[in-house]
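# Fold and geometry: a report
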Amino acid sequence: MTKPIIEVKNLAKNFGKNPVLKDITEQVNPGQVIVIIGPSGSGKSTFLRCLNLLEQPTSGEVDFSGENLTTLDTKRVNELREQMGMVFQSFNLFPNMSVLENIKLAPMKVKHMADDAATKLAHELLQQVNLDDHADAFPASLSGGQAQRVAIARALAMDPKVMLFDEPTSALDPEMVGEVLNVMQELANQGMTMVVVTHEMGFAKSVADQVWFMADGFIQESNTPDAFFSNPQTERAQDFLSKILM
Amino acid sequence: MKKRLVLFFALLLTLVTGFTAMTTTANAATDNSLTKIEKKGTLVMGTSPDYPPYEFQATVHGKSQVVGMDVAVGKKIAKDLGVKLVVKSMSFDSLLVALQTGKVDMVISGMNPTPARRKNVDFSHTYYQGGYSIVINKSDKGIYKDKDSFVGKTIGAQTGSTMYNESKKQTSGTTVKGMTSVSDLILALQSHKIQGVAMEKPSAQAYVANNKELAAIPSNFNLSASDTSASVAFAKGSTALVNKANKSVDQIKRENLVNKQYLPAAGKYLKTNTVNTSMFHYWKAFLTGIEYTLIITVCSVFFGFILGVLLSLARMAKGGVFKTALRWLATAYVEFIRGTPMMVQVMFVYFGLGLIVNLPALTSGIIAISLNSGAYVAEYIRGGINSVDNGRTEAARSLGMSSGTTMRYVILPQALKNIWPSLGNEFITLIKDSSIVSIIGVSELIFQSNIVRSDTYRGVAPIAVIMVLYFILTFTASRILNYFERRMQHD
Ligand SMILES: Nc1ncnc2c1ncn2[C@@H]1O[C@H](COP(=O)(O)OP(=O)(O)OP(=O)(O)O)[C@@H](O)[C@H]1O
Ligand SMILES: [Mg+2]
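Owing to the predicted nature of the structure, the values given are computational and were not obtained by experimental measurement.

Cut-offs used in this document
- Residues numbered from 1 in each chain as written.
- Chains lettered and ligands numbered in written order.
- Predicted model: local features only at pLDDT ≥ 70, side-chain atom pairs only at ≥ 80, totals over all residues.
- Heavy atoms only, no water.
- Pairing = 2+ DSSP bridges.
- Helix = DSSP H or I, 4+ residues; strand = E, 2+ residues; numbered from the N terminus.
- Contact = heavy atoms within 4.5 Å.
- Buried area = accessible area lost by both parts, 1.4 Å probe.
- Salt bridge = Lys/Arg side-chain N within 4 Å of Asp/Glu carboxyl O.
- Polar contact = N/O pair within 3.5 Å; in protein donor to acceptor, adjacent residues only side chain to side chain.
- Nonpolar A, V, L, I, M, F, W, Y, C, P; charged D, E, K, R; others polar.
- Buried < 20%, exposed > 50% of the residue type's maximum accessible area, 1.4 Å probe, protein only.
- Core = buried A, V, L, I, M, F, W, Y, C linked by side-chain atoms within 4.5 Å.
- Domains from an automatic or database assignment.
- 1 Å grid on protein atoms, 1.4 Å probe; cavity = no way out; pocket = protein on both sides within 12 Å on 5 of 7 lines; lining within 4 Å.
- Points joined across faces, edges and corners; volume = space filled by probe spheres on them.

## Side note on the sheet that holds strand β6 (residues 106-107) of chain B
Residues and elements named next belong to chain B. The five strands are arranged β5-β1-β6-β13-β7 in an open sheet whose pairing can be described as mixed. In this open sheet, the two edge strands, each paired with only one partner strand, are β5 (84-89) and β7 (121-129). With two bridges joining them, strand β1 (residues 42-47) and β6 adopt parallel strand pairing. Each residue of the ladder has a partner; that of G46, found in β6, is V107.

## A short note on the interface of chain A and chain B
Contact residues are listed per partner, giving 25 residues for chain A and 19 residues for chain B. Buried surface at the junction of chain A and chain B, summed over both partners, amounts to about 1,900 Å²; 65% is from carbon and sulfur atoms. Applying the counting criterion to the chain A and chain B interface returns one salt bridge. B:E394 is paired through a salt bridge with A:R49; the nearest N and O atoms lie 2.6 Å apart. Where chain A packs against chain B, one counts four residue pairs in polar contact (both at pLDDT 80 or more). Taken together, the elements giving at least two residues each to the side of chain A that touches chain B come down to α2 (74-82), β6 (84-87), α3 (99-109) and α5 (144-156) of chain A. Partitioning the side of chain A that touches chain B into residue classes produces 15 nonpolar, five polar and five charged.

## Notes on the pattern of salt bridges
Residue and element names in this part refer to chain A. Scanning all chains against the criterion turns up 19 salt bridges over all chains. A salt bridge links K104 to D115, with the nearest nitrogen and oxygen atoms 2.9 Å apart. In this pair, K104 sits in helix α3 while D115 sits in helix α4 (residues 115-128), placing the two residues 11 residues apart along the sequence. Here K104 falls in the buried class, since its relative accessible area comes to 12%. A relative accessible area of 43% means that D115 is categorised as partly exposed. Each of E67, K75, R76 and E79 takes part in a single network of salt bridges with overlapping partners.

## Quick word on helix α16 (residues 390-398) of chain B
Owing to its 3.6 residues per turn, the α-helix aligns residues three or four sequence positions apart on the same side. Within α16(B), seven of the nine residues are buried, which leaves the element mostly enclosed by the surrounding structure. Within α16(B), burial applies to B:G391, B:T393, B:E394, B:A395, B:A396, B:R397 and B:S398. Check the buried side of α16(B) and you find it contacts α1 (44-51), α2, β6 and α5 of chain A together with α17 (403-433) of chain B. Phi turns positive, to about 95°, at B:G400, one or two residues after α16(B).

## Considerations on unusual backbone geometry
Residue and element names in this part refer to chain A. Positive phi outside glycine occurs at F91, with the angle close to 60°. Residue position: F91 is located in the loop between β6 and α3. For F91, a relative accessible area of 17% translates into the label buried. Its identity is not glycine, yet E167 carries a phi of approximately 45°, on the positive side. Within the secondary structure, E167 is located in the loop between β7 (162-166) and α6 (174-189).

## Some words on the nonpolar core
In terms of nonpolar packing, the biggest core is built from 59 residues, with B:I77, B:M106, B:Y127 and B:M199 touching the most fellow members. Looking at this core element by element, the count peaks at seven residues for helix α3 (residues 69-81) of chain B. Split by domain, this core shows at least three residues from each of two domains, domain 2 (32-128 + 231-273) and domain 3 (132-222) of chain B. Apart from residues lying up to four places away in sequence, B:M199 is in contact with B:Y51, B:G131, B:Y132, B:S133, B:V135, B:M163, B:V182, B:I186, B:A204 and B:Y207. Ranked by size, the runner-up nonpolar core spans 52 residues in total, among them A:V33, A:V99, A:A122 and A:A208.

## What about the layout of surface pockets?
In this structure, the largest pocket spans a volume of roughly 970 Å³. In this structure, the largest pocket is lined by 29 residues; those nearest its centre are B:M316, B:K318, B:R397, B:S403 and B:M407. Breaking the lining of the largest pocket down by element, the ones donating at least two residues are α2 of chain A together with α12 (283-315), α13 (321-338), α15 (361-386), α16 and α17 of chain B. The class makeup of the residues in the lining of the largest pocket is 12 nonpolar, nine polar and eight charged.

Have a look at this one:
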């Protein structure tokens, strides 16, 4: 059996007195694509942000490649974050830099990559997301779909072992959703380990290895997409699916 | 403002007297005032050069210089000591503080050795016995006869001077208006804001001789000898230096040098002075003013910006005891600086820090304005940093960038772009506010215009000139800043 790359043990997170994550124990194996679905406010984003410690867990463990992130010093956490790319709903590109500079910044400042090597890498990644002709554009001039693809390329520039996606298509106009999902599908085909929060059920069905259904601070169900969508076990999941599949 | 200023001076003076009292008791046995000057080779004289013929600015061989009978007295003392005389200009109010903080070695500025002043400084014998006149507009000549004719009217006198105090004491029903410089008083007189200006007789004569619109009348103040005589002031306890200076002063008295040589010589400068009063004639003086104004502004913006960045980061520090203390200190600093007038800060740096290190006026001015500007810039930057979308910070952190790298490459550049207009405003404000350092004698635009005013006896023209010059400076600056602002617009 392969060793899991991410292991979550008894994770809990409170915001003040509000318990958002209650007790989550799950694992992600290398090469797996996990899709997390669940009602709004159920803590999906919070969970994802706990994985790379953008949010500090209240209790429990998050192990990455066998290291418990919650006990490491800042420096080591920064090093491990390099290996977990994250893509946000609102893109979060750096508006004062061109597309190329957005991608080059972290490799150059964190990995101390030479300028020309970083430029070469950035162009390769832009080709991968079909945007090489926009290398010198500034984020403000891009469409949402283009911006999100740049954001994916930027995360890939650190050569991560895992990619975390938090509703990457929710802020997009419908006609642009496809171009972003294609890029993600391509990544999955290449064997990237991915944890994706999304409402795109089509993507979950066709790409996910495993679907986690989250509600009330727990992972209520963890199953293959086929099993989950055809035969949800919990009442919570049945209820949720009946609402969104209408 | 004025009141607070006086209060501040009083405070500073007590502070300084406290210090000097301490040092003098320690020095009573070993008075090294004389040997110190001899070792140094220079004797620094403080004076307020807007009081002809005592001391005033004149253009000598194309260069602006302080001249007058007091300067001649200073030269004589220095010569008898075998050292070189250095003249330092500042406002009359600042002179005694400058003496006590060691900025100057002596003060010769038509100063009367009053008992109140004697408490704080030592005086030489008197080198000149004068009297008071009141300068009025010639058109009013029939109306006013002496100090008692101004019932219901206003007379002016130099703030901090004996005339000011005596005018207050010895008139009733008359308003006494104080201003720092005599040229301002004359201007007020000519624009009928006040009806007379009380000043020493030789000064009155000089003004009347150089301005056909003016006339002098006797004051008939009832005065003691100490109120009408002029002496050289030294730091308290410098007996050896005073004794030595007294030898020179006694000779000046004995040979009547003031009336025979010094006053006529000063009069000559006054004459050449009034020949060409066109503003173009003084372009060099104005150019120096622009130069210093720009030096002060650019340096202060530069250092103020660096300080502002550090302060804003300190204000946002979160974490252990050390960081909390840092945040607390930075907040206190910003609040304090923003809650006190820049003028007081400038004086505090020059005179207050002067007790510890002897900084030149220009350096003090730049330090004070940088310290001031830093507090304001810190707030702009803090606002700018807070305005950067937190999502960008998280994106950078998720890429493995440390908080420092994120701050430097992601947050600060965006914050700066957001606050560029505020920083530009700060720069333009500083061009104007740097004028405050004129009070400690830095030759920036205002200071230079005051010199031109006392030089030419023309009140309004130099003000108009610097107004235009300030506008050209600020307008050019704002155009340049706009250009860069446009270039930074990417979204
Ligand atoms: N920084 C925070 N401080 C306090 N409460 C928070 C914070 N972030 C999230 N919450 C709360 O935690 C709960 C879960 O939020 P979260 O964003 O994780 O939900 P979600 O499942 O991602 O929802 P959505 O589908 O709307 O994105 C919500 O009730 C939210 O109000
Ligand atoms: Mg969410």
